[in-house]
Amino acid sequence: MTYTQRLLVLLLIQFATISALRITPVEHLKTYSYMSEVYLENPSLENICSFLTDLYVDLTSNYGCIRESPMVENSKCYTSSNLLAEYVLRNLCNKTQLANKVKAFLDKYKVDFYNYYQILLGRNFTLPLTTVEHVKISTVNGIEIHYVKRTMNKIHDYDEYADLLAYSTLYYLTQGDVGNAIIDLVKLNSLFDGIGFRDKAYSGEYETYKIALAVVVFKAINHTNLIEKYTSVLFRIKPLTTLYVRGEVTNELRGIGDLNVETVCLVAIALYSDLPYRIKPSTHLTEVDLNSITNYIRDVYTLMIIVLTLLITILLLVIIILVLMLKIISRRSSI
C-alpha cells in the first residue's frame with residue numbers, strides 16, 4: 001500500500017470515528033471543554049469557587065475573564081459580573097493568581113458604572129434609579145465583552161421590583177438614611193410569597209439572585225429572623241441555578257436551566273462575605289421589627305385617608321353653602 005493510500009485510509013477511519021461520536025448542539029454545550037456542570041448541587045463555597053474557576057477563559061497571555069454562564073452565555077464576558085467574580089475569587093476563594101488576571105481584564109475595559117450591585121464593593125451610585133442596557137465593547141478570541149450602561153430613563157415603579165428595592169435600601173443605608181431604608185425593606189419583604197419574590201418581573205419562574213440580595217440587605221441591619229428565612233431559601237433550591245420554581249408534587253424548590261456568574265457571586269457574598277455587615281447605618285441599628293413598622297405605615301396611611309376624607313367633606317360643604325348663598329342673593333336681587 002502506498003503512502004497516499006495509507007493516508008486516505010487513516011482519514012476515512014478518523015471521519016467514521018467523529019461521525020459515530022457526533023452529539024447534538026445542546027449536548028455539546030453540556031460537555032463544553034471549559035465546564036463539567038451547568039449548576040451547583042449546593043451553594044458551598046468550594047463548589048462556587050470551582051464553578052467560577054471552570055468558567056475562566058484566557059483572552060491574552062496577560063488577562064482573561066469569567067464567562068457569564070456554561071450554556072446560555074458561554075461566549076460572553078460582562079465587566080459587571082467580573083467585578084463581583086474578582087472579589088469572590090480573591091477574598092473568598094483565595095485564588096489570587098486567577099483574580100489578578102480578572103483584575104487586569106477589568107483594568108483593560110474599565111468603566112464608570114458596572115451595575116447597581118457595585119455598591120457592595122464601595123462603588124456608590126446616584127438616585128433616581130434608571131434602566132440599564134448591555135453594550136458590546138469588543139470580541140476577543142470568540143468571546144464577546146459587554147458592559148452595563150445606565151440610561152436616562154427613570155424607573156418610577158422601582159418599588160415593584162425586589163432587586164431595585166434591595167439596591168435602594170443599600171443606597172439609603174450608606175447615606176445614613178435609615179428611615180427610607182426601612183420603608184424599602186418593608187416593601188421588599190411584602191413581595192415575598194413564601195417561595196420567592198413575586199414582583200413585577202415575575203413570569204412563572206423565581207430569580208435566585210433576588211433571594212441573595214435579600215440576605216445581604218437584612219444582614220446589613222442585623223435582622224436575624226429574616227436573614228435565616230432567606231438563607232434557608234437559598235439552601236432549599238436544588239440544584240442551585242439562576243431560576244427556580246416550586247415542585248409540582250412536593251414543596252421543594254427546583255432549580256431550572258443553568259447558573260450564571262452574577263447569581264453565584266451574589267450568593268457567595270450573601271452567604272460567606274462580611275461585606276453586608278460593613279454597610280452600617282449611622283445609628284447603631286441592631287434589630288428591626290418590620291411588623292411594627294408595617295403597622296405604623298398602615299396607620300399613617302389610614303390617618304392620611306381620614307384627613308383627606310374630612311377635607312373633601314368640608315370642601316363640599318363650603319361649596320354647597322356658597323351655592324345656596326348665591327341662590328339667595330340672586331332671588332333678593334330679582335325682587
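Residues numbered from 1 in each chain as written. Predicted model: local features only at pLDDT ≥ 70, side-chain atom pairs only at ≥ 80, totals over all residues. Heavy atoms only, no water.

1. Side note on helix α8 (residues 208-220)
- Taking 1.5 Å of rise per residue, 13 residues should cover 18 Å, and α8 covers 19 Å from first to last C-alpha, within 8% of that figure.
- The buried fraction of α8 is high, at 13 of 13 residues.
- In the segment just after α8, Asn-222 is the residue with positive phi, at about 60 degrees. (Helix = DSSP H or I, 4+ residues; strand = E, 2+ residues; numbered from the N terminus. Expected span 1.5 Å × (residues − 1). Buried < 20%, exposed > 50% of the residue type's maximum accessible area, 1.4 Å probe, protein only.)

2. Quick notes on the pairing of strand β8 (residues 243-246)
- With 2 bridges connecting them, strand β6 (residues 206-207) and β8 associate as antiparallel partners. Paired with Glu-207 across the strands is Leu-243, a residue of β8.
- Two strands pair when backbone bridges link them, and β8 and strand β9 (residues 253-256) are joined in this way by 4 bridges, in the antiparallel orientation. If you follow Tyr-244 over to β9, its bridge partner there is Gly-255.
- If you look at the hairpin formed by β8 and β9, you'll find 6 residues sitting between the two strands. (Pairing = 2+ DSSP bridges.)

3. Let's talk about the packing of helix α3 (residues 45-55) against helix α10 (residues 261-272)
- Between α3 and α10, the shortest axis-to-axis distance is 11 Å and the interhelical angle comes to 150 degrees. Judged by the angle between their axes, α3 and α10 are roughly antiparallel. For the element pair α3 and α10, the recorded crossing hand is left-handed. Of the residues in α10, those in contact with Leu-45, Ile-48, Phe-51, Leu-52 and Leu-55 of α3 are Val-261, Val-264, Cys-265, Val-267, Ala-268 and Tyr-272. (Axes fitted to C-alpha atoms, helices over the stretch in contact; angles between N-to-C directions. Parallel < 35°, antiparallel > 145°, perpendicular 65-115°, else oblique. Left-handed = near helix turned anticlockwise from the far one by under 90°. Contact = heavy atoms within 4.5 Å.)

4. Observations concerning the state of the cysteines
- If you walk through the whole model with that rule in mind, you get 2 disulfides.
- Each disulfide pairs two cysteine sulfurs, and for Cys-49 the partner residue is Cys-93, the sulfurs being separated by 2.0 Å. Its S-S torsion of about -90 degrees marks the bond between Cys-49 and Cys-93 as left-handed, since a negative value means left-handed. With Cys-49 in helix α3 and Cys-93 in the loop between α4 (79-92) and α5 (96-108), this residue pair connects regions lying 44 residues apart in the sequence.
- On the accessibility criterion, Cys-49 (8% relative accessible area) is buried.
- Residue class for Cys-93 comes out buried when judged on its relative accessible area of 12%.
- What pairs with Cys-65 in a disulfide is Cys-77, and their sulfur atoms sit 2.1 Å apart. Disulfide Cys-65-Cys-77: torsion about the S-S bond near 75 degrees, hence right-handed. Highlighted residues: Cys-65 in strand β2 (residues 64-66) and Cys-77 in strand β3 (residues 76-78), separated in sequence by 12 residues. With respect to burial, Cys-65 and Cys-77 carry one shared label: buried.
- Numbered in order of appearance, the disulfide-bonded cysteines of the chain are paired 1-4, 2-3.
- Here Cys-265 stays unpaired: no disulfide links it, and the sulfur of Cys-93, its closest cysteine neighbor, is 8.3 Å away. (Disulfide = S-S within 2.5 Å.)

5. With respect to the sheet that holds strand β7 (residues 237-238)
- Read across the open sheet, the 4 strands follow the order β6-β8-β9-β7; overall the sheet is mixed. Looking at the sheet topology across the chains shown, the edges are occupied by β6 and β7.

6. Concerning unusual backbone geometry
- Put simply, Leu-127 and Pro-128 share a cis peptide bond, and its omega is 5 degrees.
- Tracing the sequence through the fold places Pro-128 in the loop between α5 and β4 (130-140).
- Omega for the peptide link from Lys-238 to Pro-239 comes to -10 degrees, which places this bond in the cis form.
- With respect to the helices and strands, the residue Pro-239 is situated in the loop between β7 and β8.
- Even without a glycine there, the phi angle at Asn-94 is positive, about 60 degrees.
- In this structure, Asn-94 sits in the loop between α4 and α5.
- For Asn-94, a relative accessible area of 62% gives the class exposed.
- The residue Asn-141 is not glycine, and still its phi comes out positive at about 50 degrees.
- With respect to the helices, strands and loops of the structure, Asn-141 is situated in the loop between β4 and β5 (143-154).
- Residue classification places Asn-141 among the exposed residues on the basis of a relative accessible area of 61%.

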